[in-house]
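The lines below spell out each chain.
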Protein chains: 2
Amino acid sequence: MAVSIRDVAELADVSVGTVSNVLNRPERVSEAVVARVHDAIRELGYVRNDAARQLRAGRSSSVGLVVLDARNPFFTDIARGAGDEASAHGVSVLLGDSDQNLEREAAYLDLFEEQRVRGVLVSPLGDEGERLERLRAHGTPVVLVDRRADGGVLSSVSVDDVAGGRIAVEHLLDLGRRRVAFVAGPLGIRQVGDRLAGAREAVGAVPDARLEVLEGASLSVFEGRRIGEQLLARDAAERPDAVFAANDLLAVGLLQALVMAGGLRVPDDIAIVGFDDIDFAEATIVALSSVRQPSRLIGQTALRILLEEADDPTLAPRQVVFQPELITRASSRPLR
Amino acid sequence: MAVSIRDVAELADVSVGTVSNVLNRPERVSEAVVARVHDAIRELGYVRNDAARQLRAGRSSSVGLVVLDARNPFFTDIARGAGDEASAHGVSVLLGDSDQNLEREAAYLDLFEEQRVRGVLVSPLGDEGERLERLRAHGTPVVLVDRRADGGVLSSVSVDDVAGGRIAVEHLLDLGRRRVAFVAGPLGIRQVGDRLAGAREAVGAVPDARLEVLEGASLSVFEGRRIGEQLLARDAAERPDAVFAANDLLAVGLLQALVMAGGLRVPDDIAIVGFDDIDFAEATIVALSSVRQPSRLIGQTALRILLEEADDPTLAPRQVVFQPELITRASSRPLR
DNA sequence: TCTCGTCGTTGAAACGATTCACTATCGGCA
DNA sequence: TGCCGATAGTGAATCGTTTCAACGACGAGA
């Protein structure tokens, strides 16, 4: 069943070493032999066995990418960026979706480590710095994406989430809003915590402003809708007049609940700002203001750093931090 | 640097065979030895080398999934479904994003074949039946997702796209619309062609109805916006009064161009129906009617069939076809 | 003619885990 | 006491590729 390099060698009447050379360094082999070997490969339908190749080489030519949520376009954009950069280097990206689930994240990290990938890009869920540093210590480069590494051992490519939270809420305060709600996902997620810290800073600078934190189980459309329904259930006077959502999925869910189901007016009754500026933000029922992150660039940069560290493990860790940008749309227009 | 089973054996003072047994069939080893081996593993930080394992085993414990567009939530939902089913079987899913690009698709298929994955799920871009049948002939099970296999050699899990196109356009015709445009992506993509065929059937049944086909370069939000701008540039009398978009991303782009930028009224001026019913469809500026596919179920089912075929390669190919369901929302409400 | 360098090719060792035939040990039973 | 079977552990062979020292052939230069 399985055709090996040995069969090819036999048919082409050369040694296995020569077949390997044809595959990997054809310039060392005479043209006639190259042609004969290629004929044999085609005739037998030979396909190289990557496991054997890796075993010998000691490492694979893939890198692993573990994202928090593959359904979030922000992360698929990161994956795109990483994929682009990877294919320019002849490397492929294996995508693992942790689905905001610690076990799955660990399972993918284990899998990638067992596969001896060139390196791992990961947007970690919690505080598994130790696990990641161990991975690094064992020789697998690790670059955090969308999260600043503070331990000092790992590199990271991230966005200044504190600044992002600050500019979002400053903007809401500039509109005259004073009762701001932060619709968080799980507060345990660092990015969420940082955005909250930024929001607090902004609120702290305005005497009569208040910040309410609504924690949620996940960063999803579904959860946004659930929280939106809770808000709707309140007396109108008890509702915030502005919401900063920890990401656009939550914001979209809020819009579904508040505007489409609840009949509230955005931004009149409640102004909303999201985070990530996904493609869909522009086409929501009320176009969504959002804090934009350069997602594709994040992916590209992270992959580049990862490959550099794989080539030279002695490189000092780097922290790249991009600045977020506020995109204002209808959902936070000033009232006349 | 690299710790092997041999080092563990030495430290634990047992043979390599025993270490392997501890890892794979611990019930055959005495408790004392199991404990000693585990201590050694921990002390050395040993991590199994998957390449060696696979080489010996002859196959990996991963399956490959090649999707047309990882940015389309429809495909990430399929991936989720496949991932759920896979983790129930102790298998992991490696996701490749072909980005509607034949070369990338081929590169991922090659990669997966070289990795000797258990099988491949693929939503093929064009008509590469031959390539896929060859893969199958070489011993790698292949299941098409979101596309019916007509050759009879491969299994597939899909949705009746012709029916989907038909119910979408019948619905538009029921609203009294007569000048229908099909905003297609690339017509070369089978699913698009099938949806068009369904649309034609529906239009053919109504004497004075007309169908116009607007071909696009890809199935993306961006392309939808571009086509929307073209429509806007026409005289109002020349515009269709209904649009059936080949997927929701196109429809979202159309909404951005027609409603947000162009000021047209939907559904009054133009009614719109999309395809896939992604999460965001419900929260667009005008809630989008769409043809729903059971995406998660498609992924699950495809993975189950794939594993069954991997276990028993003699199984006859199966074609599972789900029926799509029309979800009507504001974008195709009847006018009063 | 002899020697040297180059080019093309060879074949065996190595990568690390699994597997399987085999050995050693021990308790039970006649 | 002697034999049997069960149990625990051994270690060599194996998977398919890459790599590298070695080799033969051949042409150039002396």
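Residues numbered from 1 in each chain as written. Chains lettered and ligands numbered in written order. Predicted model: local features only at pLDDT ≥ 70, side-chain atom pairs only at ≥ 80, totals over all residues. Heavy atoms only, no water.

J.: Describe in detail the protein's contact with DNA strand C, supporting the description with residues and values.
T.: Around DNA strand C there are 24 residues in total, and Thr18(A), Val33(A), Ile5(B), Tyr46(B) and Arg53(B) lie nearest to it. One of the backbone nitrogen or oxygen atoms of Ser15(A) is found 2.8 Å away from a phosphate oxygen of DNA strand C. Between Ser20(B) and DNA strand C, the recorded distance is 3.1 Å, taken from a side-chain N or O atom to a phosphate oxygen. Counting residues per element, the ones that place at least two in the surface near DNA strand C are helix H2 (16–24) and helix H4 (50–57) of chain A together with helix H2 (16–24) and helix H4 (50–57) of chain B. The dominant element in the surface near DNA strand C, judged by the number of residues it contributes, is H4(B), at 4 residues. Within the surface near DNA strand C, the residues separate by chemical class into 8 nonpolar, 10 polar and 6 charged. (Near = heavy atom within 4 Å. Polar contact = N/O pair within 3.5 Å; in protein donor to acceptor, adjacent residues only side chain to side chain. Helix = DSSP H or I, 4+ residues; strand = E, 2+ residues; numbered from the N terminus. Nonpolar A, V, L, I, M, F, W, Y, C, P; charged D, E, K, R; others polar.)

J.: Lay out the side chain of Asp77(B) in plain terms, naming residues and giving numbers.
T.: By the element assignment, Asp77(B) lies in helix H5 (residues 73–88). For Asp77(B), a relative accessible area of 12% corresponds to the buried category. Polar side-chain contacts of Asp77(B) include one of 3.1 Å to the side chain of Arg71(A). Setting aside anything within four residues of it in sequence, one finds Asp77(B) in contact with Arg71(A), Ser295(B) and Arg296(B). (Buried < 20%, exposed > 50% of the residue type's maximum accessible area, 1.4 Å probe, protein only. Contact = heavy atoms within 4.5 Å.)

J.: Give a description of the protein's contact with DNA strand D that names residues and reports values.
T.: Surrounding DNA strand D, one finds 23 residues, the nearest of these being Ile5(A), Tyr46(A), Arg53(A), Thr18(B) and Val33(B). The sugar-phosphate share of atoms of DNA strand D within 4 Å of the protein amounts to 64%. Side-chain polar atom of Thr18(B) to a phosphate oxygen of DNA strand D: 2.6 Å apart, as the coordinates give it. Between DNA strand D and the protein, one listed contact pairs a phosphate oxygen with a backbone N or O atom of Ser30(B) at 2.9 Å. Those elements giving two or more residues to the surface near DNA strand D turn out to be helix H1 (5–12), H2 and H4 of chain A together with H2 and H4 of chain B. The residue makeup of the surface near DNA strand D, split by class, is 7 nonpolar, 10 polar and 6 charged.

J.: Could you give an account of the sheet that holds strand S9 (residues 271–276) of chain B, with specific residues and numbers?
T.: All names here are of chain B. Strand order in the open sheet formed by 6 strands is S7-S6-S8-S9-S10-S12, and the pairing between neighbours is mixed. Because the sheet does not close on itself, it has two edges, and the strands there are strand S7 (210–214) and strand S12 (325–327). Averaged over all neighbouring strand pairs, the angle between strand axes comes to 20°, with direction disregarded. Where strand S10 (residues 289–292) lies against S12, 3 bridges are found, and the strand directions are antiparallel. Within S12, the position partnered with Arg292 by the bridge is Glu325. Where helix H8 (residues 161–174) meets the sheet, its contacts fall on strand S6 (179–183), strand S8 (242–245), S9, S10 and S12, and the angle it forms with S9 comes to roughly 165°. (Pairing = 2+ DSSP bridges. Axes fitted to C-alpha atoms, helices over the stretch in contact; angles between N-to-C directions.)

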